[in-house]
Amino acid sequence: MKNLLICMAALLLSTAAMAQKNTTVVVPFAAGGPNDAVARAMAQTLSRYLDQPVVVENRASVGGIAGTESVVQAPPTGGILLSQTFTLATLPSSNSNLSFDPMKDLAFVGEFASMPMVLVAGPNFQPSSVGDLVRYSKQVVVANSGIGSPSYLCGLLVADSLQLSMLQVPYKGNAPALIDLQSGHVDLLCAQLSVVQPLIQAGKIKALAVTSTTRLSQLPSVPAFTELGYRRIQLTMWHGLFAPKQTPRATINHLSTMLKQTVSDPEFQDKMTHMGGSAARQEHATPDHLQRNLELEARRWAPLISKYRER
């Protein structure tokens, strides 16, 4: 009984503390980008269930490192949270001087969305299909939105699986990369559907394949890599919510409960579908699932990153 009363008191105190102020969700990427859009949709819906404002703050940095570090160092009150993608798991492999360990220095709240990616080519790039690309004898120039970004990792996975001769060119975001893709300065780019769909529909770039397990309803004529026999190229860009490590467990549980309601909200689900992805299932909006997912991603990407770093 004593332990039960202590837990109840902790929950009431943590809930009351959260109610006294705004909650800030740090997005360690540029405003207006795809990661920002997903996080803002989540924050808007989450605010209704927390019954308080949830403010998004962009702290853009290479690989999202500095923005993530700011949350690692933030007071563990539940008032400052982090929206990050699966790339968080790859930071130790791609950055030898990282000042924090994502697995040890953050608390896990839950996953809230997932987005497939699309491999696109410039309008004048000779290959118009994955088959053409495999037979292409020249080196391909693959743009990405920064070392360690989802587009960087997707590019590594595609090139390694298709055995392409590849040169990766990092940009400060998707926008400048897409400009050079359309003008022919680079050949390929992996990006979220929401980023490239308008350009695909306008005929300004070509979609070669999607990284989802099946075709996307928004691009019914574009095959999935899996149906072409490349089952290794399955890449879901999931988004998760994190907190500083020492955040009380009662606060984490409360946030996870509210996140479950967020991902089940019809309006939020519609927004994710409109962006080409999907809201997470309720059972994925939990600390345990997010932690397991991060561990799996770290094991998956570390060998590939190490292989290309040594070249």
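Higher on the page you've got the structure.
Just so you know, these numbers come straight off a predicted model, no measurement behind them.

Q: Looking at this structure, how should I read the environment of D265?
A: In this structure, D265 sits in the loop between α9 (249-263) and α10 (266-274). Taking the C-alpha atoms as reference, D265 lies 28 Å from A224; in sequence the two are 41 residues apart. The residues contacting D265, other than those within four sequence positions of it, are T45, R48 and Y49.

Q: So what exactly am I meant to see when it comes to α10 here?
A: Since the α-helix turns once every 3.6 residues, residues separated by three or four places project in the same direction. For α10, the N-terminal capping position is held by D265, with its side-chain oxygen 2.9 Å away from the main-chain nitrogen of E267. Where α10 terminates, the next one or two residues include G276, which has phi positive at roughly 95°.

Q: How should helix α11 (residues 287-309) be read in this particular structure?
A: Taking 1.5 Å as the rise per residue, α11 with 23 residues should run 33 Å; its terminal C-alpha atoms sit 32 Å apart, in good agreement. The largest bend in α11 comes to about 30°, at W301, with the proline P303 one to four residues further on. Among the residues of α11, those classed as buried are P287, H289, L290, N293, L294, E297, W301, L304, I305 and Y308. In the core, the buried residues of α11 are packed alongside α4 (91-94), β4 (106-121), α6 (150-162), β6 (166-170), β9 (236-244) and α9.

Q: What am I meant to see in the packing of helix α7 (residues 174-183) against helix α8 (residues 193-201) here?
A: Relative placement of two packed helices is described by the angle separating their axes and the distance separating the axes. At a minimum axis separation of 12 Å, α7 and α8 run at an interaxial angle of 30°. Taken together, the axis directions place α7 and α8 in an arrangement best described as roughly parallel. The element α7 and its partner α8 pack so that their crossing is right-handed. Taking contact as the criterion, the partners of N174, L178 and Q182 in α7 are, on α8, V195, V196 and L199.

Q: Even after reading the chapter, I still don't get empty space enclosed by the protein, so can you show me in this structure?
A: Empty space among the atoms becomes visible once a probe the size of a water molecule is rolled across them. Taken as a whole and judged by the stated rule, the model has one cavity of 30 Å³ or more. One number sums up the size of the largest cavity: a volume of about 30 Å³. Taken together, the elements giving at least two residues each to the lining of the largest cavity come down to α6 and β7 (188-192). With three residues, the single largest contributor to the lining of the largest cavity is α6. Taken together, the residues of the lining of the largest cavity break down into seven nonpolar, one polar and no charged.

What counts and what doesn't
Residues numbered from 1 in each chain as written. Predicted model: local features only at pLDDT ≥ 70, side-chain atom pairs only at ≥ 80, totals over all residues. Heavy atoms only, no water. Helix = DSSP H or I, 4+ residues; strand = E, 2+ residues; numbered from the N terminus. Contact = heavy atoms within 4.5 Å. Polar contact = N/O pair within 3.5 Å; in protein donor to acceptor, adjacent residues only side chain to side chain. Expected span 1.5 Å × (residues − 1). Bend = angle between axes of the 7 residues up to and from the residue. Buried < 20%, exposed > 50% of the residue type's maximum accessible area, 1.4 Å probe, protein only. Axes fitted to C-alpha atoms, helices over the stretch in contact; angles between N-to-C directions. Parallel < 35°, antiparallel > 145°, perpendicular 65-115°, else oblique. Left-handed = near helix turned anticlockwise from the far one by under 90°. 1 Å grid on protein atoms, 1.4 Å probe; cavity = no way out; pocket = protein on both sides within 12 Å on 5 of 7 lines; lining within 4 Å. Points joined across faces, edges and corners; volume = space filled by probe spheres on them. Nonpolar A, V, L, I, M, F, W, Y, C, P; charged D, E, K, R; others polar.

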